[in-house]
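Residue-level structural notes
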Amino acid sequence: MKITVIGGGSWATAIVKILSEGNVHIKWWMRSIEDVEHIKKHHHNPNYLSSVEIHPSNVKPYTNLKEALRGTEWVILAVPAAFVTDAVKSLTESNLEDKKIISAIKGMIPENNQLITDFLADKYAVSHQNMGIIAGPCHAEEVALEKQSYLTIASPNIKLATEFADLMRCRFVKTSVLSDIYGVEYAAVMKNIVALACGITHGLGGGDNFQAVMVSNAMQEIKRVVDVIAPMERDLSASAYLGDLLVTAYSQFSRNRTFGNMIGRGYSVQAAQLEMNMIAEGYYAVKCIYEMMQKHAVEMPITDFAYQILYKNASLRKEFEVLKGKLK
Ligand SMILES: NC(=O)c1ccc[n+]([C@@H]2O[C@H](COP(=O)([O-])OP(=O)(O)OC[C@H]3O[C@@H](n4cnc5c(N)ncnc54)[C@H](O)[C@@H]3O)[C@@H](O)[C@H]2O)c1
Ligand SMILES: O=P(O)(O)OC[C@H](O)CO
């Protein structure tokens, strides 16, 4: 079994580690030639999860994407959404033809507020039947430590989801499947916004009592949004939805919460981004969801709060008071 993994960050590295537990050959694409050389020589990613050992017998790093795709059956996209268009710009439809494509990305393309699966369908004519997504509460850092984790593979094609779930199951990762690809994808985008907002309010002095109320309200906000965009019966208490919201909102590893916390403590967006050296998808997601939902009359106090602060330069204290008034 040959699999291409696209992306050189934390989540791509964690996915390579999980897949390496099985009997697969991984062609791992990343932008940086220096990183590829480092991995070939030292068997570790120099910048992300550098404790993870990369086994040269089943993992080969590449900087040429077309070569990395040649002869593989599965393709996993794991670059932040803002860089996807750029990462795959050398490809044409034929490079992805007959491949099963899995998005591990929890974000939207900022230029046109598009989900990754819709981008793949529009730009590369990939059928949704040939796609899936990796979801669920799972931090790359805990994968590196081999802590027991749970992933959900969502696809309208349950056979494809099940095949991929089998590939991702290992000693420390349990997998399950769902058919609700849109609901899961949008819920993952929304949970990043919530975590970022939790970070901001924490930075402003909000306590655990406030955050618990915010996370409960967030679940209702996510339901309102997802019900409008992708209506269907779904159990939002499943770990792909609620679990992912909880891990992001409460974990010390959360990029989005950390980023928000810096904003709440007075950092500018640019300073927070520079200090993190990691991408907080929620920053872009706030604008995507805010703009997308303008044509729908949906109450979104948490998204509005983050949007006013991040994109309208509104007063942090004033917006915090507005949010306090809106939560129940
Ligand atoms: N980290 C996790 O625990 C985790 C878990 C689940 C899903 N995800 C999702 O995986 C996706 C990737 O996130 P991550 O955590 O691996 O990212 P990361 O912050 O660890 O890594 C950033 C990546 O972006 C690349 N990058 C930075 N600037 C770039 C630019 N200008 N152009 C192109 N590439 C650039 C870097 O090379 C690196 O590969 C995100 O959508 C995230 O939501 C992450
Ligand atoms: O918690 P974050 O903000 O680092 O996001 C990472 C993943 O989405 C958690 O499942």
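An unreviewed UniProt entry lists the protein under the name Glycerol-3-phosphate dehydrogenase [NAD(P)+], with Emticicia aquatica given as the organism. Regarding the protein, the relevant UniProt record gives this comment under Subcellular location (unreviewed entry): "Cytoplasm". Turning to the protein, the UniProt annotation filed under Pathway (unreviewed entry) states: "Membrane lipid metabolism; glycerophospholipid metabolism."

Okay, unusual backbone geometry next. The backbone phi angle of H43 is positive, close to 65°, even though this residue is not glycine. Among the structural elements, H43 can be located in the loop between helix 2 (33-42) and strand 3 (59-62). Judged by relative accessible area, H43 falls into the partly exposed class, the value being 26%. If you check the backbone angles, N313 has positive phi at about 55° while not being a glycine. Summarising the element assignment, N313 is placed in the loop between helix 15 (301-311) and helix 16 (316-326).

Of all residues adjacent to ligand 1, which total 20 residues, the nearest are S10, W11, A140, I279 and E281. Between K106 and ligand 1, the recorded distance is 3.0 Å, taken from a backbone N or O atom to an oxygen atom. Here an oxygen atom of ligand 1 and a backbone polar atom of I279 are 2.7 Å apart. A total of 830 Å² of accessible area belongs to ligand 1 in isolation, and the protein chains cover 85% of it. In terms of residue class, the shell around ligand 1 is built from 12 nonpolar, 4 polar and 4 charged. Counting the residues that make up the shell around ligand 1, at least three belong to each of domain 1 (2-179) and domain 2 (184-326).

Time to look at the pairing of strand 5 (residues 100-103). The two faces of strand 5 match: K100 and I102 on one face and I101 and S103 on the other face are all buried. When strand 4 (residues 74-77) meets strand 5, the two strands line up parallel, connected through 4 bridges. By the bridge assignment for strand 5, W74 is matched with K100. Here 3 bridges tie strand 5 to strand 8 (residues 131-135), and the two strands are oriented parallel to one another. Bridging from a neighbouring strand, S103 pairs with I133 of strand 8.

Thresholds applied
- Residues numbered from 1 in each chain as written.
- Chains lettered and ligands numbered in written order.
- Predicted model: local features only at pLDDT ≥ 70, side-chain atom pairs only at ≥ 80, totals over all residues.
- Heavy atoms only, no water.
- UniProt positions renumbered as here; feature names shortened; annotations may be inferred.
- Helix = DSSP H or I, 4+ residues; strand = E, 2+ residues; numbered from the N terminus.
- Buried < 20%, exposed > 50% of the residue type's maximum accessible area, 1.4 Å probe, protein only.
- Near = heavy atom within 4 Å.
- Polar contact = N/O pair within 3.5 Å; in protein donor to acceptor, adjacent residues only side chain to side chain.
- Areas by Shrake-Rupley, 256 points an atom, 1.4 Å probe, with all protein chains shown as cover.
- Nonpolar A, V, L, I, M, F, W, Y, C, P; charged D, E, K, R; others polar.
- Domains from an automatic or database assignment.
- Pairing = 2+ DSSP bridges.

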